[in-house]
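Tertiary structure, described
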Amino acid sequence: MKALCWHGKGDIRCDTVPDPRIEDARDIILKVTSCAICGSDLHLMDGQMPTMEAGDVLGHEFMGEVVEVGQGFTKFKKGDRVVVPFNINCGECRQCRLGNWSVCERSNRNGAMAAAQFGYPTAGLFGYSHLTGGYAGGQAEYVRVPMADVAPMLAPEGVDDESLLFLTDILPTGWQGAEHCEIKGGEVIAVWGAGPVGLFAIQSAKIMGAERIIAIDTVPERLALARTYGATDIIDYAKEDVFERIKEISKGEGADGVIDCVGMEASAGHGVASLVNTLQEKLTSTERPYALMEAIKAVRPCGIVSVPGVYGGPIPVNMGMIVQKGLTMKSGQTHVKRYLETLTKLIQAGKIDMTSMITHRSTNLADGPDLYKTFRDKKDGCVKVVFHPN
């Protein structure tokens, strides 16, 4: 079969690889009907995540049609359309029983490796390094889904792939990012990064009742979408002082909640930080937490810092600012299964725009290497790339 594979920093190829096969009675094999490139896939492309190996199949946003099931498997049957969360869940460990699906204690085949890095094992993920289990991803014609009796969801009748695909990751991630801000109505919420996760965080904050939603980015296409999705205020960080503008918008009080949807490869806006950032981008692959640093500064005292953006290792954080301002920080990989029912109902009710952010589509995985570069470089107005490989 054809699949998009990692071969080193900046080197994504469309390879011919062996078809997946059933390895356990809880497995299913999907013929992938839709998959997407996620912003966090760019961290892999840019060499930011350790334990990648040449030939690893990428992709954790995918859905498809069941073509094979394990012996005795009953949750799905051949021909069913299935939406697959990016994290793999056993459904039996303490964390799964608590609903903390992203830290399942058993699904990561390399749990000891993760524990050495993070203190405890975290859930297995599709297509996202051997630190998270080394599972083949879904930017492919077919994919094996282990423990398929727990997290995957039967696609509702009459709803097309593109209206459901982002339930696999970026919609629940944006929703959880907003939920972490404990929005009750009337708040000022600032969102760093108007990429796909940020755009869903904006929609989520609007649904939850935020009064002012501030979108912070510099890409015109993204800022235009942010406005249509519910952002009341736009800040172009390349042209404006973000902190001062947030103070102005919030009448000097600061944002009630801030959401870092950028993660480890943020760009600084201006001044000395921008100069350092430029050098760092050219010379190193060190994590650049500029968005997080700015968010911590801009949130009001006793406010909430929500971090759905991906970080893979140690970063410099101003703990003095966090402690002295009495801030609460909430983060983590998304507990996708926790939100599937709620978000599916919102989609069916027409409350969430799922498709207008899709700017690039392809039916040919061979286009993948070039589309990865287009997405990374934000060329051709690219906001989101979706493949329909079958």
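Residues numbered from 1 in each chain as written. Predicted model: local features only at pLDDT ≥ 70, side-chain atom pairs only at ≥ 80, totals over all residues. Heavy atoms only, no water.

The name given to the chain in an unreviewed UniProt entry is Zinc-binding alcohol dehydrogenase, with the source organism recorded as Methylobacterium cerastii. The UniProt entry for the chain carries the following comment under Cofactor (unreviewed entry): "Zn(2+)". (UniProt positions renumbered as here; feature names shortened; annotations may be inferred.)

Side note on the overall build of the chain
Looking only at helices and strands, the chain has twelve helices and 18 strands in total. Over its C-alpha atoms the chain spans a radius of gyration of 20 Å, differing by no more than 12% from the 21 Å that the globule rule assigns to 390 residues. The C-alpha extent of the chain, read off along each of the three principal axes, is 60 × 45 × 40 Å. Looking at the chain residue by residue over its 390 residues, the buried ones come to 57%. A fraction of 71% describes how many contacts in the chain between residues 6 or more apart in sequence connect residues 24 or more apart. A total of about 15,900 Å² of accessible surface is found on the chain, and carbon and sulfur atoms cover 50% of it. (Helix = DSSP H or I, 4+ residues; strand = E, 2+ residues; numbered from the N terminus. Rg over C-alpha atoms; globule rule 2.2 N^0.38 Å. Buried < 20%, exposed > 50% of the residue type's maximum accessible area, 1.4 Å probe, protein only. Contact = heavy atoms within 4.5 Å. Areas by Shrake-Rupley, 256 points an atom, 1.4 Å probe, with all protein chains shown as cover.)

Some points on the packing of helix α4 (residues 170-179) against helix α11 (residues 336-348)
For the pair α4 and α11, the least separation of the axes is 10 Å and the interaxial angle reads 100 degrees. Compared by their axis directions, α4 and α11 come out roughly perpendicular. Residues Leu171, Pro172, Trp175, Gln176 and Glu179 of α4 lie in contact with α11, whose contacting residues are Val336, Tyr339, Thr342, Leu343, Leu346 and Ile347. Of the residues contributing to the contact of α4 with α11, the split by class is eight nonpolar, two polar and one charged. (Axes fitted to C-alpha atoms, helices over the stretch in contact; angles between N-to-C directions. Parallel < 35°, antiparallel > 145°, perpendicular 65-115°, else oblique. Nonpolar A, V, L, I, M, F, W, Y, C, P; charged D, E, K, R; others polar.)

Section: the nonpolar core
Among the nonpolar cores identified, the biggest contains 93 residues, and Leu30, Phe62, Val145, Phe166, Leu167, Leu171 and Met357 are the most heavily contacted of them. By residue number, the principal contributor to this core is helix α5 (residues 196-208), which donates seven residues. Apart from residues lying up to four places away in sequence, Phe166 is in contact with Ala36, Glu61, Leu171, Pro172, Phe200, Met354, Met357, Ile358, Lys384 and Val386. One finds Val242, Ile249, Ala291 and Ala295 within the second-largest nonpolar core, a separate group that totals 23 residues. (Core = buried A, V, L, I, M, F, W, Y, C linked by side-chain atoms within 4.5 Å.)

Quick look at the sheet that holds strand β12 (residues 212-217)
Read across the open sheet, the six strands follow the order β13-β12-β11-β14-β15-β16; overall the sheet is parallel. At either end of the open sheet lies a strand with only one pairing partner, and these are β13 (233-236) and β16 (328-331). The sheet shows a mean angle of 20 degrees between the axes of neighbouring strands, direction not considered. Contacts from α5 reach β11 (188-192), β12 and β14 (255-260) within the one sheet, and its direction differs from that of β12 by about 175 degrees. (Pairing = 2+ DSSP bridges.)

Overview of unusual backbone geometry
In the Ramachandran plot, Lys251 falls in the positive-phi region, its phi being about 55 degrees despite a non-glycine side chain. Inspection of the secondary structure puts Lys251 in the loop between α7 (242-249) and β14. The backbone of Lys378 shows a phi angle near 55 degrees, a positive value even though the residue is not glycine. Topologically, Lys378 is positioned in the loop between α12 (368-377) and β18 (385-387). Residue classification places Lys378 among the partly exposed residues on the basis of a relative accessible area of 38%.

Let's talk about the pattern of salt bridges
On inspection of all chains with the given rule, the structure shows 19 salt bridges. Taking the shortest distance from any N to any O, the salt bridge between Arg361 and Glu162 comes out at 2.8 Å. On the criterion of sequence distance, the pair formed by Arg361 in strand β17 (residues 360-362) and Glu162 in the loop between β10 (153-154) and α4 is long-range, its members being 199 residues apart. Between Arg300 and Asp256 there is a salt bridge; the shortest N-O distance is 2.7 Å. Taken together, the residues span a long stretch of sequence, with Arg300 in strand β15 (residues 299-307) and Asp256 in strand β14 at a distance of 44 residues. Overall, the relative accessible area of 27% leaves Arg300 in the partly exposed class. (Salt bridge = Lys/Arg side-chain N within 4 Å of Asp/Glu carboxyl O.)

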